[in-house]
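# Structure assessment
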Amino acid sequence: MESQVLKTRREVVSAIICTFEGGRECAAARIGLPLKKFDNHAYENNNCRPLTDSQIFQLEQVTGTQHLANYVAAMYGGMFVPVTSPENLDNVEMYARSVQSAAKRGTVDQIIAQALDDGVITEAEAQAIQNAHTLHLAARTAEVYAAIDLYRAKSGKTI
């Protein structure tokens, strides 16, 4: 699975740093902190406060991830659905969204099939299924909203 809903804020920060090109050094420079101070805040060492939401957001803008948004949405029992502006949409983008949504549904089905191999779904397997299902529903919802926005923008109609 390409993405997952992480369980803790610390996992979120770690995942972002792992995907940041150039690693911790470049991430620290991006938000204007010396490396040691960045490490202390990122990993909450030496009684340092964690990175702020806006610092994490800045890092995610570079990595293209949405771990923090997914984490916060999951805390509230929801899912994060990114909304794209109509000017960034076209038929190629719509096809890509459709394929991404279908692939995520396939991931859900594969996890269920693997979990059922022994006839019982364990708690860990249930978590994996629910996580994949949330990501699939978010992708599908984003696809539907994008279709509405794309064709509403072309026709000039508003609801």
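The paragraphs below set out a description of the structure included in this document.

Criteria and thresholds
- Residues numbered from 1 in each chain as written.
- Predicted model: local features only at pLDDT ≥ 70, side-chain atom pairs only at ≥ 80, totals over all residues.
- Heavy atoms only, no water.
- Disulfide = S-S within 2.5 Å.
- Buried < 20%, exposed > 50% of the residue type's maximum accessible area, 1.4 Å probe, protein only.
- Helix = DSSP H or I, 4+ residues; strand = E, 2+ residues; numbered from the N terminus.

Considering all chains together, one arrives at zero disulfides under this definition. Just so you know, Cys18 is unpaired, no disulfide at all, and the nearest cysteine sulfur is the one on Cys26, 14 Å from it. Judged by relative accessible area, which is 66%, Cys18 ranks as exposed. No disulfide involves Cys48; its nearest neighbouring cysteine sulfur is the one of Cys18, lying 20 Å away. Classification of Cys48 by relative accessible area gives partly exposed; the value is 23%.

On to the environment of Glu87. Position of Glu87 relative to the elements: it lies in the loop between helix 5 (67-75) and helix 6 (91-115). Along the backbone, Glu87 and Asp149 are 62 residues apart, and their C-alpha atoms lie at a distance of 9.1 Å.

That's the geometry; what it means functionally is another story.
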